[in-house]
Amino acid sequence: MRTEQPKMIYLKDYQVPDYLIDETHLTFELFEDHSLVHAQLVMRRNPLCSGALPVLQLDGQQLELLSVALDGQTLGEGDYQLSDSHLSLQPTASSFVIDTSVRIHPESNTALEGLYKSGSMFCTQCEAEGFRKITYYLDRPDVMSRFTTTLSAEQHRYPVLLSNGNPIASGPEDGGRHWATWEDPFMKPAYLFALVAGDLWCVEDSFTTVSQREVALRIYVEPENIDKCQHAMDSLKKSMKWDEEAYGREYDLDIFMIVAVNDFNMGAMENKGLNIFNSSAVLAKAETATDAAHQRVEAIVAHEYFHNWSGNRVTCRDWFQLSLKEGFTVFRDSQFSADMNSATVKRIEDVAYLRTHQFAEDAGPMAHSVRPEGFIEISNFYTLTVYEKGAEVVRMIQTLVGAEGFRKGSDLYFERHDGQAVTVDDFVKAMEDANGVELSQFKRWYSQAGTPRLAVSEAYDAATRSYRLTFRQSCPATPGQSEKLPFVIPVELGLLDAEGRALALRLEGEAQAGATTRVFSITEAEQTLTFVDLDAQPLPSLLRGFSAPVKLSFPYSRDQLMFLMQHDSDGFNRWEAGQQLAVQVLQELIGQHQRGEALVLDTRLVSALRTVLENPALDPAMVAEMLSLPGEGYLTEISEVADVDAIHAAREFARQQLGEALHDLLWQRYQANREQSRSTAYMAEATHFARRSLQNIALSYLMLSGKPDVLAACLEQFEHADNMTERMTALAVLVNSPFAVEKAAALASFAEHFKDNPLVMDQWFSVQGASASHGTLATVHALMEHPAFTLKNPNKVRALIGAFAGQNPLNFHRIDGSGYRFLADQVIILNALNPQIASRLLGSLTRWGKYDSTRQALMTAELERILASGELSSDVYEVVSKSLA
Ligand code: B3K
Ligand code: ZN
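Residues numbered from 1 in each chain as written. Chains lettered and ligands numbered in written order. Predicted model: local features only at pLDDT ≥ 70, side-chain atom pairs only at ≥ 80, totals over all residues. Heavy atoms only, no water.

*Asks:* Sorry if this is basic, but what is going on with the coordination of the zinc ion (ligand 2) here?
*Replies:* Around a metal, the idealised angle for a tetrahedral arrangement of four donor atoms is 109.5 degrees; for an octahedral arrangement of six donor atoms it is 90 or 180 degrees. Every protein donor of the zinc ion (ligand 2) is accounted for by His303 (NE2), His307 (NE2) and Glu326 (OE), and the metal-donor separations fall at 1.9 to 2.1 Å. In terms of primary sequence, the donors binding the zinc ion (ligand 2) are separated according to H-x3-H-x18-E. Here His303 falls in the buried class, since its relative accessible area comes to 9%. Given a relative accessible area of 0%, His307 falls into the buried group. (Donors = N, O, S within 2.8 Å, 3.2 Å for Na, K, Ca; no water. Buried < 20%, exposed > 50% of the residue type's maximum accessible area, 1.4 Å probe, protein only.)

Laid out in structure tokens, this is it:
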């Protein structure tokens, strides 16, 4: 908890460290009621600094100092200063050795930062500033050191003792204990430190690198999970190979380990050679994990592995540069997933996620640039903006310099900065130098927050056979940034003729026509492109592949959108045309609902989706994506004032009508695909994912009809599916159906069957927390008393409370304010237990600006109540105070 007024920390105040730590020798003695940490730091004055030796300020929090020595001399109390956050002392020579011993309490650490216990095992999470809760240190990423770590623990309880690097020695100790020493040959900042002690089993494999080095691969899990590691292991080997081929990056240690833990604040952590993962991001097998979970495991394993170069070998100078490693690594993992599965489907999923969630963040009170300028609590800046928008920014660089140029740039970046802690500017500079381009205006993407709008208008001139597209960009004000300068917006576009053929693109003044799809840079507030040689007015396909993270508007008619859905050569834009059509139709329904009129669906949406369903040549995954209407979250994001009830009613009405009108086609597709699922063994592979995604969306539409044969099919799938994807879909569809008896029976039998599997129970909590049924809040309250639920486990909190607050707009935003009150109550409790999780949950309350005045008042009152509730963590304080500002 905070004891002083929380302070803003600013990028502009960055200074190089006064001292460096060449070697770090750590010894951990792990016990049940406390642990001891002995640290020996071999230090010297930073050669970049001059003048008198300043006081050395080591970071440290919640540490009980037992002893401190300088160059072997134990210091007395008068020789150093101790505060809540620092140990300070005056060095007398430019090179020296500090020895400290501290006592800490991992056994009661519920914040899950620093050293803590997850179940019966010890583990760590140090990024961003958790190492200071382990020992006194210069806990900042630009201080890199060579680590040696010795762990000692009771042999019986903790047979496995792990840390970063290579194991170099181990042995027994008195009192039934044993020890092991690990040495990491690579310099690293403290945030990449890790240790694990536990009773773990491991799955082992190996990988031969491109230069023929053998790397041992191990995934450590609790014994009952040993049968759920194969998918993660396969994903790891694919990632290692892919990074060699796509980026020329080879792994550098002799061993790579992943450890799965149940209590973890986020997905996973890229500690050098010893990744620690939330078990939800490692464990997957057909019977217990959905297709989405399998894909998430593959993506996170890849992401953490890729960090070995983009993050570890080349790390961040300071935490303002977080997107340097996160944006780049998300970009890398999305390229990997695109290569392993369907590239278009991956792009659609990423864009839908970005537009629903990151755009909302960028329009809210916590909006910040990809490289933030200031923060109170860095943990609050592991955001969609830093990760997802950061990845889009890297993607735009690739679009601008081309795939080959991008590879030259990344090669130069890794070569130039290997072993260094650098900045976003260094990354961009490498891209510039490798390609002989200039990206200074482009860099506004790193410094200006907010989602740019790009309004496009057209004009065709038959006399000159020319067609003009005029682009106007603007960006809304965000907290602390009222004026924005124009961005560089790469717009990939094509033009279609009346038959849907792609036209060769020739700009006025160009000697000859170029390709049929081209990238143009929009750099001015207003800019016009004039295309020539056009016999008739073409139809533009704009922002192909979502070439920039902007809100594009163009006055398409519904008929034009239907035309693009069928004829656009860009798969992403075919989907996008369908989404825009659906948005127009849904917005019309929302208006009808608000005016109290009868709802009437524009049948063009039905015809458009019928055409999609009737086309056997389309990839079933694309059919499924096109059948998915824009979510309530996205419809909220694009509303001026979001009317949750109208949005829900309109969308459900449209789904109902579509389900009815397309019943026969959906039923055919459903039955054929279910039959294939029954007769083929489950595979976690793209064509299987595709088939099941179509089967499952078909089922969800069909169930809206309430027909007995559909219910029977749903129950058959629920009971007999051999995999969690089909079973879970059937359960979710039942939970949201009016069949109360079947729903209750399914929930009960599911819980009985899976009660010993916490990750499956998370899905069971989640499907109930997200249910749009009336009375969900009461159910959520009741589920919090369920034996499988605990507020101490982040996965449980996310599954139940997070699903309710984040995926259930209808119930969370109930006009009586009960949803808001409930969330605030949980935040207040969690603030004391786990500030990071408390602060994350708050997200839904911070978006109050989107709603009507009654809801705004209710939401802000809850924020005020949290603010007044007592001693707040810096995490919660920052989000609440900025939301109310
Ligand atoms: N780098 C970690 C995130 C750490 C979050 C600390 N609050 C996971 C990742 O992005 O790979
Ligand atoms: Zn990451």
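Still more ground to cover, so stick around.
*Asks:* I would appreciate a short explanation of the side chain of His688 in the present structure.
*Replies:* Mapped onto the elements, His688 comes out in helix 15 (residues 686-702). A polar contact of 3.4 Å, which involves the side chain of His688, links it to the backbone nitrogen of Met683. Beyond its immediate chain neighbours, meaning those up to four positions away, His688 contacts Thr680, Ala681, Tyr682 and Met683. (Helix = DSSP H or I, 4+ residues; strand = E, 2+ residues; numbered from the N terminus. Polar contact = N/O pair within 3.5 Å; in protein donor to acceptor, adjacent residues only side chain to side chain. Contact = heavy atoms within 4.5 Å.)

*Asks:* How should the site of ligand 1 be read in this particular structure?
*Replies:* Near ligand 1, the surroundings consist of 14 residues, among which Glu127, Ala268, Glu270, Glu304 and Tyr387 are the closest. One nitrogen or oxygen atom from the side chain of Glu270 is found 2.8 Å from a nitrogen atom belonging to ligand 1. In the model, an oxygen atom of ligand 1 is placed 3.2 Å from a nitrogen or oxygen of the His307 side chain. When the free accessible area of ligand 1 is taken as 340 Å², the share hidden by the protein chains comes to 94%. (Near = heavy atom within 4 Å. Areas by Shrake-Rupley, 256 points an atom, 1.4 Å probe, with all protein chains shown as cover.)

*Asks:* Explain the nonpolar core to me, please; I cannot follow it from the model alone.
*Replies:* Within soluble globular proteins, side chains that are nonpolar generally end up buried alongside one another. Membership of the largest hydrophobic core comes to 279 residues, with the highest contact counts inside it found for Phe427, Leu493, Phe531 and Leu731. The two domains that each donate at least three residues to this core are domain 1 (19-199) and domain 2 (318-553). Apart from residues lying up to four places away in sequence, Leu731 is in contact with Phe718, Ala746, Leu747, Phe750, Trp764 and Val767. (Core = buried A, V, L, I, M, F, W, Y, C linked by side-chain atoms within 4.5 Å. Domains from an automatic or database assignment.)

*Asks:* I keep staring at the sheet that holds strand 28 (residues 518-522) and nothing clicks. Help me out?
*Replies:* Within a sheet, adjacent strands bond to each other through the backbone by hydrogen bonds, running parallel or antiparallel. Spatially, 28-27-30 is the arrangement adopted by the 3 strands of the open sheet, whose pairing is antiparallel. Two strands lie at the open edges of the sheet, namely strand 28 and strand 30 (539-541), each paired on one side alone. Averaged over all neighbouring strand pairs, the angle between strand axes comes to 40°, with direction disregarded. (Pairing = 2+ DSSP bridges. Axes fitted to C-alpha atoms, helices over the stretch in contact; angles between N-to-C directions.)

*Asks:* It is not clear to me how helix 26 (residues 853-867) should be interpreted in this structure. Could you clarify?
*Replies:* The periodicity of an α-helix, 3.6 residues per turn, causes residues three or four positions apart to be oriented the same way. The end-to-end C-alpha distance of helix 26 is 21 Å, a good match for the 21 Å that 15 residues give at a rise of 1.5 Å each. Those residues of helix 26 not exposed but buried are Arg855, Met859, Thr860, Glu862, Leu863 and Ile866. Along helix 26, the residues classed as buried sweep out an arc of 150° about the axis, all on the same side. Elements that come into contact with the buried residues of helix 26 comprise helix 13 (644-661), helix 23 (818-833), helix 25 (843-846) and helix 27 (874-884). By the N-cap criterion, in which a side-chain oxygen at the helix start approaches the backbone nitrogen of a residue two or three places on, helix 26 is capped by Asp852, the distance to Thr854 being 3.2 Å. (Expected span 1.5 Å × (residues − 1). Arc of directions from axis to C-beta.)

*Asks:* Explain the pairing of strand 13 (residues 160-163) here, please?
*Replies:* Alternating positions in strand 13 separate into two faces, Val160 and Leu162 on one and Leu161 and Ser163 on the other, with burial throughout. Direction of pairing for strand 13 relative to strand 16 (residues 195-198): antiparallel, over a ladder of 4 bridges. Along strand 16, the bridge assignment pairs Val160 with Gly198.

*Asks:* In this structure, what is going on with the UniProt feature "domain: Peptidase M1 membrane alanine aminopeptidase" (unreviewed entry) in the protein? I would like to understand it.
*Replies:* Listed under "domain: Peptidase M1 membrane alanine aminopeptidase" (unreviewed entry) in the UniProt record, and renumbered for this structure, are residues 232-445. Regarding residues 232-445, the helix share stands at 56% and the strand share at 9%, and the terminal C-alpha atoms are separated by 34 Å. (UniProt positions renumbered as here; feature names shortened; annotations may be inferred.)

*Asks:* Is there a simple way to explain the state of the cysteines in this structure?
*Replies:* Simply put, the disulfide is a covalent bond whose two ends are the sulfur atoms of two cysteines. By the definition in use, this model includes 0 disulfides. Here Cys123 is not cross-linked by a disulfide; its sulfur's nearest cysteine counterpart is in Cys126, at 10 Å. A residue is classified by how much of its surface remains accessible, and Cys123, at 0% relative accessible area, is buried. (Disulfide = S-S within 2.5 Å.)

*Asks:* Explain helix 17 (residues 724-735) to me, please; I cannot follow it from the model alone.
*Replies:* With 12 residues, helix 17 should cover 16 Å at 1.5 Å per step; its first-to-last C-alpha distance of 16 Å lies within 8% of that length. Counted residue by residue, helix 17 has 11 buried out of 12 residues, so it is predominantly covered. Listing the buried residues of helix 17 in full gives Met724, Thr725, Glu726, Arg727, Met728, Thr729, Ala730, Leu731, Val733, Leu734 and Val735. As for helix 17, its buried residues are in contact with helix 2 (291-306), helix 14 (663-679), helix 15, helix 16 (708-720), helix 18 (740-754) and helix 19 (758-769).

*Asks:* Quick question: what am I supposed to make of unusual backbone geometry here?
*Replies:* Backbone geometry follows two general trends: most residues other than glycine have a negative phi, and most peptide bonds adopt the trans configuration. Here the residue pair Glu127 and Ala128 is connected by a cis peptide bond, since its omega of -5° sits within 30 degrees of zero. When you line up the elements, Ala128 lands in the loop between strand 11 (121-125) and strand 12 (145-154).

*Asks:* Help me understand the sheet that holds strand 5 (residues 64-70) in this model?
*Replies:* With respect to topology, 8 strands assemble into an open sheet ordered 6-5-9-3-2-12-15-14, the strand pairing being mixed. Both outer strands of the open sheet, strand 6 (73-74) and strand 14 (166-173), are each paired with one neighbouring strand and no more. Two strands pair when backbone bridges link them, and strand 5 and strand 6 are joined in this way by 2 bridges, in the antiparallel orientation. Along strand 6, the bridge assignment pairs Leu70 with Gln73.

*Asks:* Just checking my understanding: could you explain the packing of aromatic side chains for this structure?
*Replies:* The description of an aromatic ring pair uses the distance of the two centres, along with the angle that the planes make with each other. The full count for this structure, using the stated rule, is 42 aromatic pairs. Between Tyr305 and Phe306, the aromatic rings sit 6.2 Å apart at their centres with planes inclined by 65°, giving edge-to-face as the arrangement. A single burial state applies to Tyr305 and to Phe306, both of which are buried. On the basis of an interplanar angle of 40° and a centroid distance of 6.0 Å, the ring pair of Phe375 and Phe381 is categorised as tilted. The aromatic ring of Tyr10 is capped on one face by Lys12, whose charged end is 4.3 Å from the ring centroid. Positioned above the aromatic ring of Tyr701 is the side chain of Arg655, whose terminal nitrogen or guanidinium carbon lies 5.9 Å from the ring centre. (Phe/Tyr/Trp six-rings, centres within 6.5 Å; stacked < 30°, edge-to-face > 60°. Lys NZ or Arg CZ within 6 Å of the ring centre and 35° of its normal.)

*Asks:* Honestly, the packing of helix 1 (residues 230-247) against helix 5 (residues 384-417) in this entry has me stumped. Any pointers?
*Replies:* Packed helix pairs are specified by the crossing angle of their axes together with the interaxial distance, meaning the distance between the axes. Between helix 1 and helix 5, whose axes approach to 10 Å, the crossing angle comes to 105°. The angle between helix 1 and helix 5 falls in the class roughly perpendicular. Touching Glu245, Ala246 and Tyr247 of helix 1 are Phe406, Arg407, Ser410, Asp411 and Phe414, all from helix 5. By residue class, the composition of the contact of helix 1 with helix 5 is 4 nonpolar, 1 polar and 3 charged. (Parallel < 35°, antiparallel > 145°, perpendicular 65-115°, else oblique. Nonpolar A, V, L, I, M, F, W, Y, C, P; charged D, E, K, R; others polar.)

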